[in-house]
Each structure stands twice: as C-alpha cells, then as structure tokens.
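Structure assessment
Given next are the chains, with one letter for each unit.
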Amino acid sequence: MRSWILTAFLAFLGATAAHAKDAPKQPDSKIAVVENMIDAWNKRDWVRVGALFTEDGVLHSMMSEPVVGRKAVSERLTALGAGIQSITLHVRHIGRIGDAVFVERIDEFVYKGHAGKVPVVGVLMVEGDKVKEWREYYDRAQLMTEMGAK
C-alpha cells in the first residue's frame, strides 16, 4: 500500500512540475512599462513617451546633463522627435533586477535624412506604471556620426 501511495505521489509531483514548467509565466509589470515605452518610441508617439515618466522623472544620457521633470523631458523629446523620420528600438535582451529594468538594444533610425544604427544599454527605474529614471549608455561620438551631426 505504501508503495502505491508513494508512486502516486511521485507521479503527481512529476505532472505538477511538468505543468508548472509549461505554464505561461506571469507578465512582469515593470518590464511591461518599459515595453510600453519602447512601443511609444517605435511609433514616435512623443506625447505618450513623455506621459510615461513620473512628474519628477529623469532622462539621462550619461554623456550629457540629465533632463529632469516630465515637462522638460517631454519638451526635449518633442524637439528631438521633430527630426526623427523613423526609429525602431530593436531589443536584444530585457530583464529586471529589483525596480531596475535593463534593456540591451540596437536603435535604428533615420534622423534628418541620415540613416543610422547605434548599440545602447538603457537602465530604467520603474515606479508604479511610470519611469522614474532612464539612464542611457552608448557611444556619443558614434551616435553623432550616425545622425549626420559630424
């Protein structure tokens, strides 16, 4: 009898483990905020990009001074966006540690008639359903060249 119970229990555990492995994972809410931000960039929806920042949000390209506050971020992105004819943020990897979402990507764009591609790593601190801080790491000289600024 004990052998039968043990066999049945082990079969149950095996089936449960197999089911758990095949079950869809719950979406990560912080990654979802970042994916929404990426979608807004890809659609050049600068109003939505700005709205996804907290009121005191920060956009910081690490080679420049940070832009602080939703209004200032929105103004900066609207000015930059005026020259972007197309943009696609190709995500290679995305993951989360605590409140930080890390995104490795290739940004492909046409800016004022100049086509370019730049590898970027972004670190986004997510608070609720908004971005509190977005830090960008890339080669600024390469970006300027790809944008036709050099």
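**Some points on the sheet that holds strand β6 (residues 130-137)**
With mixed pairing, the 6 strands of this open sheet are ordered in space as β2-β1-β6-β5-β4-β3. Bordering the open sheet on either side are β2 (67-68) and β3 (84-97), each of which pairs with just one other strand. Note that strand β4 (residues 100-111) and strand β5 (residues 114-127) share 12 bridges and pair antiparallel. Note that in β5 the partner of Asp107 across the bridge is Val118. In the packing of helix α2 (residues 29-42) onto the sheet, contacts are made with β1 (53-61), β3, β4, β5 and β6, and the angle to β3 comes to roughly 170 degrees. Along the sheet, helix α4 (residues 70-81) contacts β1, β2, β3, β4 and β6; its crossing angle with β1, the most-contacted strand, is approximately 50 degrees.

**A closer look at unusual backbone geometry**
With phi around 55 degrees, Arg44 is a residue other than glycine that occupies positive phi space. Note that Arg44 resides in the loop between α2 and α3 (46-51). Owing to a relative accessible area of 37%, Arg44 belongs among the partly exposed residues under this scheme. The phi angle at Lys112 is positive, at roughly 45 degrees, despite the residue not being glycine.

**Side note on the pattern of salt bridges**
Following the criterion strictly, the structure yields 12 salt bridges and no others. With a closest N to O distance of 3.4 Å, Asp45 and Arg48 form a salt bridge. Residue Glu55 is joined to Arg70 by a salt bridge in which the shortest nitrogen-to-oxygen separation is 2.9 Å. Highlighted residues: Glu55 in strand β1 and Arg70 in helix α4, separated in sequence by 15 residues. You can call Arg70 partly exposed: its relative accessible area is 24%. Among the charged side chains, a network of salt bridges with common partners joins Asp39, Lys43, Asp45 and Arg48.

**Some thoughts on the environment of Ile87**
Assignment of secondary structure puts Ile87 in strand β3. Look at Ile87 and you get buried, because its relative accessible area is 8%. Not counting residues up to four positions away in its chain, the partners in contact with Ile87 are Trp41, Asn42, Arg44, Glu108 and Phe109.

**Details of the pairing of β4**
As paired elements, β3 and β4 share 12 bridges and run antiparallel to each other. When the sheet's bridge partners are listed, Ile87 is paired in β4 with Phe109. In this structure, the hairpin formed by β3 and β4 is closed by a connection of 2 residues, where Gly98 is found at a positive phi of approximately 60 degrees. Turn length for the β4-β5 hairpin, with the two strands adjacent in sequence and antiparallel, is 2 residues, and the turn residue Lys112 shows positive phi of about 45 degrees.

**As for the confidence of the model for the protein**
A residue-level look at the protein finds 83% of positions with pLDDT of 70 or above and a mean pLDDT of 87. For the protein, the element scoring lowest by mean pLDDT is helix α1 (residues 2-22), at 48; β2 scores highest, at 98. Here residues 15-20 scores under 50 on pLDDT; set against residues more than four positions off or in separate chains, the count is 0 contacts.

**Some words on the layout of surface pockets**
The volume enclosed by the largest pocket comes to roughly 570 Å³. Surrounding the largest pocket, 25 residues form its lining, Trp41, Ser61, Leu80, Tyr138 and Leu143 being those nearest its centre. Counting only elements with at least two residues in the lining of the largest pocket, the list comes to β1, α4, β3, β4, β5, β6 and α5 (140-146). With 4 residues, the top contributor of residues to the lining of the largest pocket is β4. Residues belonging to the lining of the largest pocket are distributed by class as follows: 17 nonpolar, 2 polar and 6 charged.

Criteria and thresholds
- Every chain begins its residue count from 1, and numbering advances along the sequence as written.
- Per-residue local features are limited, in this predicted model, to residues with pLDDT of at least 70; the limit for side-chain atom pairs, both in listing and counting, is 80 or more; totals at the level of whole chains, interfaces and linings are taken over all residues.
- Side-chain measures were taken over the full set of non-hydrogen atoms in the model, leaving aside hydrogen atoms and water.
- At least two bridges found by DSSP between two strands is the condition for calling them paired.
- Strands are runs of DSSP state E lasting at least two residues, helices are runs of H or I lasting at least four, and both sets are numbered from the N terminus onward.
- Residue contacts are counted whenever heavy atoms from the two residues lie within 4.5 Å of one another.
- An axis is simply a line fitted to the C-alpha atoms; with a helix, the fit covers only the stretch in contact. Between two such axes, the angle follows the N-to-C directions and lies from 0 to 180 degrees.
- Relative accessible area decides the class of each residue, using a 1.4 Å probe on protein chains only: under 20% of the type maximum gives buried, over 50% gives exposed, and in between gives partly exposed.
- Here a salt bridge means any side-chain nitrogen of Lys or Arg lying within 4 Å of a carboxyl oxygen belonging to Asp or Glu.
- What pLDDT reports is the predictor's confidence in each residue, on a scale of 0 through 100.
- A 1.4 Å probe that fits but cannot get out identifies a cavity on a 1 Å grid over protein atoms alone, an open set with protein on both sides within 12 Å along at least five of seven lines counts as a pocket, and a residue lines either if it has an atom within 4 Å of a point.
- Grid points are joined across faces, edges and corners, and a volume is the space filled by probe spheres set on the points.
- Residue type decides the class: Asp, Glu, Lys and Arg count as charged, Ala, Val, Leu, Ile, Met, Phe, Trp, Tyr, Cys and Pro as nonpolar, and the leftover types, Gly among them, as polar.

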